[in-house]
Amino acid sequence: MLLNIEPNMKDFDAFYEALIESHRELTTEQSHEMNAKLVLLLANHIGSIDILRDAMRRARVDTVGAGLTALESEN
Amino acid sequence: MNYQTQEFGYRRSGDQDAQTPVHHAAVIVGAGPVGLALAIDLAQRGQRVLVLDDDFRLSTGSRAICFAKRTLEIFDTLGIGDRAVEKGVSWNLGKVFHRNELLYQFNLLPEPAHKRPAFINLQQYYVEGFLNERARELPNIELRWKNRVANIENGASGVTLTIETPDGEYHIIADYCVACDGSRSPIRKLIGEESKGQTFKDRFLIADVKMSAPFPTERWFWFDPPFHPNQSVLLHKQPDDVWRIDFQLGWDVDPEEEKKPERVIPRVKALLGQDTEFSLEWVSVYTFACSRMRTFRFGRLLFAGDSAHGVSPFGARGANSGIQDANNLGWKLDAVLRGAAGDTLIDSYCEEREFAADENIMNSTRSTDFITPKSEVSRLFRDAALSLAKDHPFARRIVNSGRLSLPSAYLDSSLNTMDEDAFEGGVKPGAPALDAPIGRGDVNTWFVSELPSDFATTTLTATQMIECRHANGDIYASYRASPEWIARYNAKPGTTYLFRPDHHVAARWRAYDVKKINKAILRAQGH
């Protein structure tokens, strides 16, 4: 199975509102910490290393456009 | 006709010479789009309506410009639909850009075979001008300009209004009074109520420019464009070669400074190119709040439109929801004034339109939170979604440049009769009628335009005809069903829909049953 990048949620607006709301009144530092925990929680739920690697690769490429060698070589 | 310069003279009314306050059944305060729409609806139902306005002019500046499909269908019932659509710029397509790249586009009316487009753009003064001309065709509407409500006494048997005019004060008594007097509603202040909610710390510049430009008639929205970095911009076409450009400015700007042509022109040129010729039609800097009154009813005093609820402009949910308030209230007020329904029917106006206001506020708040992130992390997520959107289809669904006005479906309304038969889709009780082509003899027409202004049922026959009956069971018309109509209503032979006077579905069954219909009509009248 591949990472699903097609819409896979019924109500994106409700999700996004809940996401932003979950950070309400946190400092930026706390938000970073919370985001890290969120990634770990969701990663465990997804469970597949292949899917997670694909997600990491896509997020990284979208952020820096390159620098994938380290991640790719482990595949 | 230049509706912006049209002036209406003050005329002394006989009420001002009366010894005791003259009695009126329905008084509307505010001759804006909502007040005029309600006045026309009531007058067409045979009510005498008095409209009071403290000014002597229609809207100055283009203000609300996007009128949604459902609103156009309501305009059809008020007799101005064709004029509005002829003058307006029809559009269905929106495009969203990030920096200078097109992220995605959306079609607001992806299926053909509807009479009206998803939206028209039309300056508010045209809408008010058309409504005002229509109102003046109706002899049972009286418009009194320069009549300012100075005091209000909200009694159990009537509302007493103290009205100030250029030649003094007078009093009248209304069975029902509806305040359609806008977001700063003086009536709301007079009774010590507020519209409560969230104010957003952001300012927006509206520049309406006149030019002949090659842009298509689409809604274009930019996040962080090179010509206006770190902010958003919206471009929209209006009639008469006028283009609406909305620039996000941020909170820390001086609104008076930003309105000056020497500040506005360079911003417009940055978007259009240095050599484009244009003139400024209207400039305004605004902030907004998403708010509403705790209830829209205080005994015999009701609130509709911006006086009752406010939203951000993203989504075009202000004027559209106000017109829908009027559409919801008109038939109910008429039924109560005629004695066909009890006063409690008006409570269902609150139930249904407060729900609609909450839905509009929710959508408008979400859009605003996306366009104007309130924290660093909120901006981080926003920018991440924008960045991912180009290559990741799911992220486009997170990007929110405004969720454009759709009519509310009153699915939980106490006026509905719940489905007892099985439907796979179709139009649920509480939802507004869906349009589709139908035929009458050789003539092609449209379903929603043919619905009457009272309760009616439609039943599909074995020969694919739509048999339409008044509440008393008399058949008044028979139309050829189109495949689109049959699909949209999930109709089979026998399928019967009961429509309310405002064209929302009250009930539906798989067979025509007089007893069930009569019971559902009583329920929809609040009995």
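Residues numbered from 1 in each chain as written. Chains lettered and ligands numbered in written order. Predicted model: local features only at pLDDT ≥ 70, side-chain atom pairs only at ≥ 80, totals over all residues.

### Some words on the overall build of chain A
How we decide: Secondary structure follows DSSP: runs of H or I at least 4 residues long count as helices, runs of E at least 2 residues long count as strands, and numbering of each begins at the N terminus. Here a residue counts as buried when 20 or more other C-beta atoms fall within 10 Å of its C-beta, as exposed when 12 or fewer do, and as partly exposed in between; the C-beta atoms come from the backbone.
Helix and strand counts for chain A come out as four helices and zero strands. Ordered by position from N to C terminus, the α and β elements of chain A give α-α-α-α. Out of the 75 residues belonging to chain A, those deemed buried represent 3%.

### Some remarks on the interface of chain B and chain A
Which entries qualify depends on this criterion: Contact definition: two residues whose C-beta atoms, as placed from backbone geometry, lie within 7 Å.
Between chain B and chain A, the contact holds 16 residues from the first and 14 residues from the second. For the side of chain B that touches chain A, the secondary-structure elements that each account for two or more residues are α9 (345-371), α10 (376-389) and α11 (393-396) of chain B. Counting residues per element, the side of chain B that touches chain A draws most heavily on α10(B), which supplies six residues.

### Looking at the sheet that holds strand β7 (residues 119-121) of chain B
Within a sheet, adjacent strands bond to each other through the backbone by hydrogen bonds, running parallel or antiparallel. Residue and element names in this part refer to chain B. Filter applied, for reference: One requirement defines pairing of two strands: DSSP has to find at least two bridges between them. Angular values range over 0 to 180 degrees, each being the angle between N-to-C directions of two axes fitted as lines to C-alpha atoms, with helices fitted over their stretch in contact.
Taken in spatial order, the three strands line up as β3-β7-β4 in an open sheet, and their pairing is antiparallel. Looking at strand neighbours, the two that pair on one side only are β3 (66-68) and β4 (89-91), the edges of this open sheet. Along the sheet, successive strands turn relative to each other by an average axial angle of 30°, direction set aside. Alignment of β4 against β7, held across three bridges, turns out to be antiparallel. Counted as the bridge partner of W91 is F119 from β7.

### Section: helix α8 (residues 318-338) of chain B
All names here are of chain B. Our working rule: To estimate the expected span of a helix, subtract one from its residue number and multiply by 1.5 Å. Note that the bend at a residue is defined as the angle between axes fitted to the seven residues ending at it and the seven residues starting at it.
With 21 residues, α8 extends 30 Å between its outermost C-alpha atoms, agreeing within 8% with the 30 Å of an ideal straight helix rising 1.5 Å per residue. In α8, a bend of some 25° at L329 exceeds every other bend along the element. With respect to burial, α8 is a largely interior element, 19 of its 21 residues being buried. Where α8 ends, the next residue or the one after it, G339, has phi of about 85°, a positive value.

### Notes on the nonpolar core
Residue and element names in this part refer to chain B. Spelled out, the test is: Each nonpolar core consists of buried Ala, Val, Leu, Ile, Met, Phe, Trp, Tyr and Cys residues. Their C-beta atoms, within 7 Å, join them into a set.
In terms of nonpolar packing, the biggest core is built from 80 residues, with L38 and A39 touching the most fellow members. Ignoring sequence-local partners within four residues, the contact set of A39 consists of I28, V49, V51, A135 and I141. Counting 31 residues, the second-largest nonpolar core is a separate cluster that includes F97, A207, V209 and V399.

### A closer look at the sheet that holds strand β12 (residues 196-199) of chain B
All names here are of chain B. In space, the three strands of this open sheet follow the order β12-β18-β21, with antiparallel pairing throughout. At either end of the open sheet lies a strand with only one pairing partner, and these are β12 and β21 (309-310). Where β12 meets strand β18 (residues 289-292), four bridges bridge the pair, whose relative direction is antiparallel. Its bridge partner lying in β18, T199 is registered against A289. Against the sheet, α9 touches β12, β18 and β21, its axis set at about 165° to β18.

### A short note on the confidence of the model for chain B
Here is the rule: Think of pLDDT as the predictor's per-residue confidence, scored from 0 to 100.
The pLDDT averaged across chain B works out to 96; a share of 100% of its residues lies at or above 70. Model confidence for the complex is summarised by a pTM of 0.95, with the ipTM given as 0.89.

### So, the environment of B:T445
Residue and element names in this part refer to chain B. Looking at the element boundaries, T445 is found in strand β23 (residues 443-446). Using a count of 15 C-beta atoms within 10 Å as the deciding quantity, one classes T445 as partly exposed. Spatially, the C-alpha atoms of T445 and I141 are 30 Å apart, while their sequence positions differ by 304 residues. Ignoring sequence-local partners within four residues, the contact set of T445 consists of I438, R440 and E450.

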